[in-house]
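Geometric and topological summary
Spelled out, the chains give:
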Amino acid sequence: MHVLVLGAGQLARMMSLAGAPLNIEISAYDVGSENIVHPLTQAVLGKGLSNAIAQADVITAEFEHIPHDVLDVCEQSGKFYPTADAIKAGGDRRIEKALLDAAKVNNAKHYIINTRHDFEQAIEFVGLPMVLKSALGGYDGKGQWRLKELSQVDAIWSEMEQCIQATDTQAIVAEEFVPFDREVSLVGARSSDGDVVVYPLAENVHINGVLSLSTAINETALQQQAKEMFTAVANELDYVGVLALEFFDVKGALSVNEIAPRVHNSGHWTQQGAETCQFENHLRAVCGMPLGSTEMIRPTTMVNILGEDTLPVEVLAMDSCHIHWYGKDKRPGRKMGHINVCGHDYPKLTDNLAELGRVLDKNAFPVFNG
Ligand code: AMP
């Protein structure tokens, strides 16, 4: 089986590693250079999409910011999973909000802004404080503003106006500020027969808008609520593959913040912590194979490595730690790899994390500060 992945980053790389035992071979389309590359070595295998589409049995995507003409040509081949519409929903907050409303899942009150008049209407409808997000191109907290009081309106509008005018298709989505207790996410898979499996929820810690830690949790009532919301969204999209929903947890009630129509950073813990990892389950789903068990086999936390290309040798020596490098050139803040930390129970996981925190540089891993 040959799968072409749109996008050539770490997610395509980890799909390739997970696919090999099932004889699933991956090639990756680098959207920037338009080259077909090997997902592990980045060696150029070819140029242009048409040949690669013809040679692939199945086509999928590892990120949502893909030019629509590329998505459309892939979809026309009849080999593309999940669907172009699902990828577009993940890349445009306007479509995402419409999807969440259509699936009737709880999400923050919102209003779309194209003009200054819309901004005033949004303030009236949504109320303060509010979070303002660019509809396109924003991720990891980029392209966002916080409006706390009316005195900020002119200054924020002038920045948002520039953002809106930068392209023909940009807009701003105003959202009510959600006073959440914590952020959690659910990663799961839906097969072409409509079967849905989900992993245990992960509790996520962000620093400066970027995911820092993700820990699989075991909370039955919240899990049930999240699974119902996941199933509603996946069914609405007639989704095939791995999908992630990010939630705000407000006193035990979940509100969807965003969706990711792909394997997700908060699901990397499944490589060591679940019976079948998210990368394998995505490939199983898009290749029409039975889905694998999502059962947690041991409590696990994923620690992102940001902007660093080395770790103290002690980390590799720890029985509880599993390092996954992405083979990327070092840049400040860049996702370079992750460490999966395991424990045979939660108290042991806490101990193992504390031990890791003592070894890591606190400037590079501020999540271990204090
Ligand atoms: P996002 O890019 O939508 O994931 O937002 C980045 C981060 O901003 C989230 O992880 C939250 O911590 C925070 N955030 C986003 N939207 C809201 C909201 N409506 N209310 C409160 N905090 C938010």
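In short, a report on the structure. (Residues numbered from 1 in each chain as written. Predicted model: local features only at pLDDT ≥ 70, side-chain atom pairs only at ≥ 80, totals over all residues. Heavy atoms only, no water.)

Let us now look at helix H1 (residues 10–19). When you tally the buried positions in H1, you get nine out of ten residues, the bulk of the element. Looking at H1, one finds that the buried residues are Gln10, Leu11, Ala12, Arg13, Met14, Met15, Ser16, Ala18 and Gly19. (Buried < 20%, exposed > 50% of the residue type's maximum accessible area, 1.4 Å probe, protein only. Helix = DSSP H or I, 4+ residues; strand = E, 2+ residues; numbered from the N terminus.)

Turning next to the pairing of strand S18 (residues 335–342). When a strand is regular, its side chains alternate between the sheet's two faces. Burial runs high along S18: eight of the eight residues are buried. Pairing geometry for strand S17 (residues 321–325) and S18, over five bridges, is antiparallel. Following the sheet pairing, histidine 322 is matched in S18 by asparagine 340. (Pairing = 2+ DSSP bridges.)

Let us now look at the sheet that holds strand S1 (residues 2–6). Strand order in the open sheet formed by five strands is S4-S3-S2-S1-S5, with mixed pairing between adjacent strands. Bordering the open sheet on either side are strand S4 (44–47) and strand S5 (58–61), each of which pairs with just one other strand. On average, adjacent strands in this sheet sit at an angle of 30° to one another, irrespective of strand direction. By the bridge criterion, five bridges tie S1 to strand S2 (residues 25–30) in an arrangement that is parallel. Bridging across to S2, valine 5 finds its partner in alanine 28. Along the sheet face, H1 touches S1, S2 and S5 and points at about 170° away from the line of S2. (Axes fitted to C-alpha atoms, helices over the stretch in contact; angles between N-to-C directions. Contact = heavy atoms within 4.5 Å.)

For the pair H1 and helix H10 (residues 278–286), interaxial distance at closest approach is 8 Å and the crossing angle is 80°. Put simply, H1 runs roughly perpendicular to H10. Residue-level contacts link Leu11, Met14, Met15, Ala18 and Gly19 of H1 to Phe279, Glu280, His282 and Leu283 of H10. By residue class, the composition of the contact of H1 with H10 is six nonpolar, two polar and one charged. (Parallel < 35°, antiparallel > 145°, perpendicular 65-115°, else oblique. Nonpolar A, V, L, I, M, F, W, Y, C, P; charged D, E, K, R; others polar.)

In this section: the site of the ligand. The environment of the ligand is formed by 16 residues, the closest being Lys133, Gln144, Glu175, Val178 and Glu183. Contact between the ligand and glutamate 175: a nitrogen atom at 2.8 Å from a side-chain N or O atom of the residue. Between glutamate 258 and the ligand, the recorded distance is 3.1 Å, taken from a side-chain N or O atom to an oxygen atom. Coverage of the ligand by the protein amounts to 93% of the 480 Å² it exposes when considered alone. Breaking the shell around the ligand down by element, the ones donating at least two residues are strand S7 (130–134), strand S8 (144–147), strand S9 (172–176) and strand S15 (253–260). When grouped by side-chain class, the residues that make up the shell around the ligand number five nonpolar, four polar and seven charged. There are two domains that each give the shell around the ligand at least three residues, and those are domain 2 (109–176) and domain 3 (182–368). (Near = heavy atom within 4 Å. Polar contact = N/O pair within 3.5 Å; in protein donor to acceptor, adjacent residues only side chain to side chain. Areas by Shrake-Rupley, 256 points an atom, 1.4 Å probe, with all protein chains shown as cover. Domains from an automatic or database assignment.)

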